[in-house]
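In case you want the letters, here they are:
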Amino acid sequence: MSGSWWSSEPVSHVLMALFAMGSWISVNSLWVELPVVVSVLPEGWNLPAYLSVLIAFGNLGPIAVTITHHCAPGRLNERLVIHCIQVLAVVASAFLAVFWSFTVTVAGEERSLPFLLFTFVLSLVCCTSNVTFLPFMFSYPPQYIRTFFIGQGLSALFPCIVALGQGVGKLECKTVNDTVKPHYLKENFPAQNFFWFLFVMLSVSALSFLALTRRQTASQQDAPPQESDNAAVTKNGEETHPLHNGGTPVSEDQVQVEEQPPAPTFWTQHNIYLLALLAVSNALTNGVLPSVQSFSCLPYGTMTFHLSVVLGNIANPLACFLAMFVVMRSSTGLGFLSVAGGVFAAYLMALAALSPCPPLLGNSSGVALVVISWIIFTGLFSYMKVVIGTLLHEAGHAALLWCGISIQAGSLIGALTMFPLVNVYHVFARSQDCVDNCS
């Protein structure tokens, strides 16, 4: 079907975005559905702590892949690993949709063991995707890695939109016996339906990757054979004697002269700088700030929180789309973007620290400022991550592996840093619904 619409470049970009969407959609879906499941499962509001720990244990996958690359370089079949983890995710999401509310008695207490087990499996898949999906992208031109990050942005956007349609977190303040109390509205559809949505999205991602690999194989078969000189010589059996070149005897001195120069090392100051920026940006966007988003937004109202989540997740793919046309290659420029994003991150952290009485509370300018800050913060770091991924793509396959490792390491460090602050030491104070928290 060479030359048909199926082989066209736009179809390739759509398939790539749908494939990338499956990378973190599981964990993102679990987070946005937490307000629904905590009212049913026996762990209650301790579930976010459990989820954070399970995601941390999910890093066993990236560790295993990295060790395999180190101990047996070139032996790992990335396509096969991706197919396996995608099938695992699809099966786990189907079981999650059926058994999420089941409980098991452990040491005399009710525990939601099926939910926790399938959550761990999905976390393992998401964490492993960073060190398998990105190296696979080396077989595509650089512009496709920008499409890949657009798809990763969709993995956060789609669950948020569905959760909003579900009516997660909606409440009314009702007066009962002269006391104002929050009345939480029932969701438009149950958590089981939401998890079936996750199953469909993961299936679409797996089928998109299957289509990409089939198209890639078909294009390689249709393309005329193009072999390098060394490959052609090897195929024809003319390299069986090291002192022959095209049938003409040569001396050992000439062979030494014709040897290829050693490949340049990946660990240059520039690449280390890029990996450090990538780790810091992911620590902030995937670990630090999401842990305090509710503290920074909910004092201004639930609508402010929803707008920040949804518009911030819209800013993610839009920033990635901008990188399709404008790529900032300057190290100084990337440093400036990180500093600018850090300023908005610091403001949002300050709002969270001052919860439940942040500045401009009850003022529309306060609402606008927090929403805009989340949009700019997410957009700047999303753009920076795509640009760094593009630059590392040009450095080779190993660079994309380290790109995935940096993303995962930064996310893990950010989450582990915030976990004790939020869940153990309770540094951040929650605002009470339907109550004047600052009187």
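Quantities reported herein were computed from a predicted structural model and do not represent experimental measurements.

Caption draft 1: The arrangement of the overall build of the chain in detail. When helices and strands are counted, the chain shows 16 helices and six strands. The proportion of buried residues among the 439 residues of the chain is 45%. Within the chain, contacts between residues at least 6 apart in sequence are counted, and of these 81% link residues at least 24 apart. Of the roughly 21,700 Å² of accessible surface on the chain, a fraction of 65% belongs to carbon and sulfur atoms.

Caption draft 2: How the structure looks around the state of the cysteines. This structure, assessed with the given rule, holds one disulfide. The disulfide that involves C357 links it to C438, with 2.0 Å between the sulfurs. Between C357 and C438, the S-S dihedral sits near -120°, and the bridge is therefore left-handed. Taken together, the residues span a long stretch of sequence, with C357 in the loop between α14 (331-353) and α15 (364-393) and C438 in the segment after α16 (397-424) at a distance of 81 residues. Its relative accessible area of 32% is what places C357 among the partly exposed residues. Given a relative accessible area of 36%, C438 falls into the partly exposed group.

Caption draft 3: Quick look at the nonpolar core. Counting 106 residues, the largest nonpolar core has F19, V37, F115, F148, F195, L289 and L392 as its most contacted members. The leading source of residues in this core is α15, at 13 residues. In this view, V37 contacts L47, W100, F115, A191 and F195; residues no more than four positions away in its chain are not counted.

Caption draft 4: Representation of α16. When the terminal C-alpha atoms of α16 are compared, their 40 Å separation across 28 residues agrees well with the 40 Å that a helix rising 1.5 Å per residue should span. Most pronounced at M418, the bend in α16 amounts to some 30°, and the proline P420 follows within four residues. At the C-terminal side of α16, H426 shows a positive phi close to 50°.

Caption draft 5: A look at the pairing of strand β4 (residues 179-184). Both strand β3 (residues 171-176) and β4 contribute to a ladder of six bridges, which runs antiparallel. Considered in β4, the bridge of E172 is made with H183. Hairpin remark: β3 followed by β4, antiparallel, with two residues in the connecting loop; positive phi at N177, about 55°.

Caption draft 6: Here's a closer look at the confidence of the model for the chain. In the predicted model, the chain carries a mean pLDDT of 86, and 88% of its residues have values of at least 70. Confidence drops under pLDDT 50 across residues 226-248; counting only partners more than four residues distant or on other chains, this segment forms 18 contacts.

Caption draft 7: Spatial organisation of a nonpolar patch on the surface. Among the surface-exposed residues, V53, F57, L60, I63 and I67 lie close enough to one another that they form a single nonpolar patch of about 460 Å² accessible area. In terms of residues, the nonpolar patch owes the most to one element, helix α4 (residues 60-71), which gives three residues.

Caption draft 8: Region of the structure containing the packing of aromatic side chains. One pass over the structure, following the stated rule, counts 20 aromatic pairs. Seen in terms of ring centroids, F321 and F325 are 5.2 Å apart; in terms of plane orientation they differ by 75°. Their pairing is edge-to-face. Looking at F321, the relative accessible area reads 45%, which means it is partly exposed. Put simply, the rings of F19, F133, F136, Y140, Y144, F148, F149 and F209 pair up and form one aromatic cluster.

Caption draft 9: Quick peek at helix α5 (residues 78-99). For α5, spanning 22 residues, the distance from its first C-alpha to its last is 31 Å, which sits close to the expected 32 Å at 1.5 Å a residue. Near the N-terminus of α5, the side chain that reaches the backbone nitrogen of R79, with its oxygen 3.2 Å away, is that of N77.

Caption draft 10: Molecular detail of the pattern of salt bridges. Across all of its chains, the model carries two salt bridges by this definition. Across the pair R329 and E394 runs a salt bridge, and its minimum N-O distance is 2.8 Å. A residue pair is termed long-range when its members are at least 10 positions apart, and R329 in the loop between α13 (302-322) and α14 and E394 in the loop between α15 and α16 qualify at 65 residues.

Caption draft 11: Spatial organisation of the packing of helix α2 (residues 25-37) against helix α6 (residues 113-129). For the pair α2 and α6, the least separation of the axes is 9 Å and the interaxial angle reads 150°. Overall, the two elements α2 and α6 adopt an arrangement that is roughly antiparallel. Residues S26, V27, L30 and V37 of α2 lie in contact with α6, whose contacting residues are F115, T119, L122, S123 and C126.

Caption draft 12: Spatial organisation of the side chain of T213. Take T213: it is sitting in helix α9 (residues 191-222). With relative accessibility at 6%, the residue T213 sits in the buried group. Here the side chain of T213 touches L210 through a polar contact of 2.7 Å, landing on its backbone oxygen.

Caption draft 13: Region of interest: the environment of P159. Here P159 lies in helix α8 (residues 143-166). Residue contacts for P159: discarding those within four places in its chain leaves I25, N28, S29, V32, L154, F194 and F197.

Caption draft 14: Representation of the side chain of S129. With respect to the element layout, S129 can be found in helix α6. For S129, a relative accessible area of 2% puts it in the buried group.

So, how was this worked out
- Residues numbered from 1 in each chain as written.
- Predicted model: local features only at pLDDT ≥ 70, side-chain atom pairs only at ≥ 80, totals over all residues.
- Heavy atoms only, no water.
- Helix = DSSP H or I, 4+ residues; strand = E, 2+ residues; numbered from the N terminus.
- Buried < 20%, exposed > 50% of the residue type's maximum accessible area, 1.4 Å probe, protein only.
- Contact = heavy atoms within 4.5 Å.
- Areas by Shrake-Rupley, 256 points an atom, 1.4 Å probe, with all protein chains shown as cover.
- Disulfide = S-S within 2.5 Å.
- Core = buried A, V, L, I, M, F, W, Y, C linked by side-chain atoms within 4.5 Å.
- Expected span 1.5 Å × (residues − 1).
- Bend = angle between axes of the 7 residues up to and from the residue.
- Pairing = 2+ DSSP bridges.
- pLDDT = per-residue confidence, 0-100.
- Patch = residues over 30% accessible without salt bridge, like charges linked within 9 Å, V, L, I, M, F, W, Y side chains within 5 Å.
- Salt bridge = Lys/Arg side-chain N within 4 Å of Asp/Glu carboxyl O.
- Phe/Tyr/Trp six-rings, centres within 6.5 Å; stacked < 30°, edge-to-face > 60°.
- Polar contact = N/O pair within 3.5 Å; in protein donor to acceptor, adjacent residues only side chain to side chain.
- Axes fitted to C-alpha atoms, helices over the stretch in contact; angles between N-to-C directions.
- Parallel < 35°, antiparallel > 145°, perpendicular 65-115°, else oblique.

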